[in-house]
Amino acid sequence: MPQEYGLFIDGKWETPKDAKRFSTRNPATGEELGSFVSGSAKDAERAVTAATKAFRAWREMPAPKRGQLLLRAAEVYKRRKDDLGATVTQEMGKVLPEGKGDVQEAIEFIEYMSAEGRRLLGETVPSELRNKYCMTVLQPKGVVAAITPWNFPTAIPNWKIAAALICGNTVVFKPASNTSLCGVKVVRAYEEAGLPPGVLNLVTGPGGVVGDALISDPRVKAVSFTGGTDTGRHVYSKGAEHLKYVHLELGGKNPQIVLNDANLELALDGVLFGAFGSSGQRCTATSRLILQEGVYEKFLGMLLERLKSFKVGNPMDREVDMGPVASADQERKILGYIDAGTKEGAKLRAGGKKLTGGAYDRGFFIAPTVFEAKHGMRITKEEIFGPVLSVIKVKDFEEAVQVANDVDYGLSSSIYTKDVNLSFQAMERLEAGITYINAPTIGAEVQLPFGGIKQTGNGGREAGTSAIEEFTEIKTVFVDFSNRLQKAQIEG
Ligand code: NAP
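Owing to the predicted nature of the structure, the values given are computational and were not obtained by experimental measurement. (Residues numbered from 1 in each chain as written. Predicted model: local features only at pLDDT ≥ 70, side-chain atom pairs only at ≥ 80, totals over all residues. Heavy atoms only, no water.)

Caption draft 1: A nonpolar patch on the surface, seen in detail. Residues V420, F424, M427 and I437 make up a contiguous nonpolar surface patch of roughly 370 Å² in combined accessible area. At 3 residues, helix α14 (residues 420–429) tops the list of elements feeding residues into the nonpolar patch. Positionally, I437 belongs in strand β19 (residues 434–437). (Patch = residues over 30% accessible without salt bridge, like charges linked within 9 Å, V, L, I, M, F, W, Y side chains within 5 Å. Areas by Shrake-Rupley, 256 points an atom, 1.4 Å probe, with all protein chains shown as cover. Salt bridge = Lys/Arg side-chain N within 4 Å of Asp/Glu carboxyl O. Helix = DSSP H or I, 4+ residues; strand = E, 2+ residues; numbered from the N terminus.)

Caption draft 2: Local environment of the site of the ligand. For the ligand, the set of nearby residues contains 32 residues, the closest of which are T148, S177, T231, L250 and E383. One of the side-chain nitrogen or oxygen atoms of S177 is found 2.6 Å away from an oxygen atom of the ligand. One nitrogen or oxygen atom from the main chain of G227 is found 3.3 Å from an oxygen atom belonging to the ligand. Within the complex, the protein chains bury 85% of what would otherwise be the 910 Å² of accessible surface of the ligand. Mapped onto the shell around the ligand, the elements with two or more residues apiece are α7 (207–216), β10 (220–226) and α8 (229–241). With 5 residues, α7 is the largest single contributor of residues to the shell around the ligand. Among the residues making up the shell around the ligand, the classes are represented as 15 nonpolar, 13 polar and 4 charged. Each of domain 1 (4–250 + 457–476) and domain 2 (254–437) contributes no fewer than three residues to the shell around the ligand. (Near = heavy atom within 4 Å. Polar contact = N/O pair within 3.5 Å; in protein donor to acceptor, adjacent residues only side chain to side chain. Nonpolar A, V, L, I, M, F, W, Y, C, P; charged D, E, K, R; others polar. Domains from an automatic or database assignment.)

Caption draft 3: Up close: the packing of helix α13 (residues 397–405) against α14. It is at 11 Å that the axes of α13 and α14 come closest, and there the two elements cross at 25°. In terms of orientation, α13 and α14 fall into the roughly parallel class. Note that α13 runs across α14; the crossing there is right-handed. Every residue of α14 that contacts α13 at F397, E398, V401 and N405 is listed here: L422, Q425, A426 and R429. Tallied by class, residues from the contact of α13 with α14 come to 4 nonpolar, 2 polar and 2 charged. (Axes fitted to C-alpha atoms, helices over the stretch in contact; angles between N-to-C directions. Parallel < 35°, antiparallel > 145°, perpendicular 65-115°, else oblique. Left-handed = near helix turned anticlockwise from the far one by under 90°. Contact = heavy atoms within 4.5 Å.)

Caption draft 4: Quick look at unusual backbone geometry. One non-glycine residue, D18, lies in positive phi territory at about 60°. Relative to the helices and strands, D18 resides in the loop between β2 (12–14) and β3 (21–25). Non-glycine residue K454 carries a positive phi angle of around 55°. Relative to the helices and strands, K454 resides in strand β20 (residues 453–454).

Caption draft 5: The domain arrangement of the protein chain, seen in detail. What the domain assignment lists for the protein chain is domain 1 (4–250 + 457–476) and domain 2 (254–437). Distance from the C-alpha centre of domain 1 to the C-alpha centre of domain 2: 31 Å. With 21 residues of domain 1 in contact, the opposing surface of domain 2 contributes 27 residues. For the pair domain 1 and domain 2, the summed buried surface comes to about 1,900 Å²; carbon and sulfur atoms form 58% of the total. Remark: the boundary between domain 1 and domain 2 carries 1 salt bridge. Between E98 and R282 there is a salt bridge, and its shortest N-O distance comes to 2.9 Å. (Buried area = accessible area lost by both parts, 1.4 Å probe.)

Caption draft 6: Expanded view of the pattern of salt bridges. According to the stated counting rule, one finds 31 salt bridges in the structure shown. When the shortest N-O distance is used, the salt bridge between R21 and E4 registers 3.7 Å. Residue R21 is located in strand β3, and its partner E4 is located in the segment before β1 (7–9); the two are separated by 17 residues in the primary sequence. Several salt bridges share partner residues, and in doing so they unite E14, D43 and R46 into one network.

Caption draft 7: Local environment of the packing of aromatic side chains. Scanning all chains against the criterion turns up 10 aromatic pairs. With a centroid separation of 4.7 Å and an interplanar angle of 40°, the aromatic rings of F8 and W13 are classed as tilted. Taking the relative accessible area as the measure of exposure, W13 reaches 29% and is therefore partly exposed. Measuring from ring centre to ring centre gives 6.3 Å for Y77 and Y190, while their planes differ by 80°; the resulting arrangement is edge-to-face. Of this pair, Y77 sits in helix α2 (residues 63–79) while Y190 is found in helix α6 (residues 180–193), placing the two residues 113 residues apart along the sequence. With relative accessibility at 1%, the residue Y77 sits in the buried group. Residue classification places Y190 among the buried residues on the basis of a relative accessible area of 1%. Through successive ring pairs, a cluster of aromatic residues spans Y5, F22 and F36. (Phe/Tyr/Trp six-rings, centres within 6.5 Å; stacked < 30°, edge-to-face > 60°. Buried < 20%, exposed > 50% of the residue type's maximum accessible area, 1.4 Å probe, protein only.)

Written out as structure tokens, the structure reads:
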């Protein structure tokens, strides 16, 4: 029997009477990992009640003290990094070093945010009147709903939770259903750190039920959502009905451009990591390789050669380069895109199939796939979110930028060239929230803003100091110590 886990509401783990349950499974082996409460709208409502009750005391705790509590949670993650990294790997299938990297990112983000507790900067500016101060202070929004995907099951929840908490908000966290065990372990670290009851609550269960209930609850003042663009559209319109602040981080269709003068070995390492790291299931994964015609044949040959020794298997095995995709749904969707690419006439050069036989039959393994594609095919325009790379030939830098930009998304982008002028032009002209020069499309660092343009989001950024903007309201304060009525714009 798999271990049973409850909801975490008002500082207590609990299983509601007559609760329905669901399980998560290891996508490499099929092993059942845990049984979780399929939370209801009522459970979400109770969690919001707890968060609402806890809000006042939490916001009144000095921010540096909140930071100290966060640091204790980071210490717990450090102690548990091996265990939690393995849980990430077992629950969603990324290889172990990447599973631990997921946890490391959570740790670094919490450390960064805890120091923000000693800043939370406002502005002080001169007044146009005498004996008057003008300034701004940052205030928490209130109860925040954090709704997260499965692909970074410890890092992304912490991007939201740690940032929301340091600003003085309380949180109801709804993790992706198929990484609920990671969700439970994310919350346990804060429990162990001694967070007061109600400040962080966990409700597992289906997004359509728990997520919808959180977004519709008028006591939830902000929704921070990361996931697919279709779900994001729904979350945004539902939030709009309540004129609610909604922050969205959505899909991507990220290009790596390689120009004729690039260091090809470096670009090759970059595209292998960018396209097939986490089995291509990063929002910043490289899904289009845009090659200038002078290096097209050579680079494609190098890529196909390297893929011959690329090992796909159980992600806990240190020899393995790529694990399974995260679920049966993922597998179905990715194989559907491979089929669509073949039907549209893209030339399949590697992979293109589900791996079967022996241990593969227990999981969802897809061979790393490379298509030679024409820009405009569905596989070059839509987010696949799997180990499928479309290689596109272009004449020159101009065409490379035009092709790179001609998609609905705008998250990450990369260019490999030794030409400093073209590097800076790319930085200016690539339509994306993130541009890497001579590095792959993946590799965010927590002290910098993260997010995208176009249909990747709705304008905000996570991480860096932008995270503070996401979770605070600006209050403008005027202090008049003249002891008389002063009239701005009227008095000379
Ligand atoms: P998803 O299916 O959109 O789910 C994301 C979260 O939304 C899950 O917790 C899900 O719950 C919940 N949800 C589902 N329906 C909902 C509803 N009606 N109301 C409220 N919440 C709802 O996405 P995913 O498959 O987990 O993640 C993959 C996607 O995330 C990709 O498109 C990827 O690009 C994107 N992503 C973006 C970023 C970024 O920063 N831009 C980072 C990582 C991932 P259930 O699990 O219960 O369905």
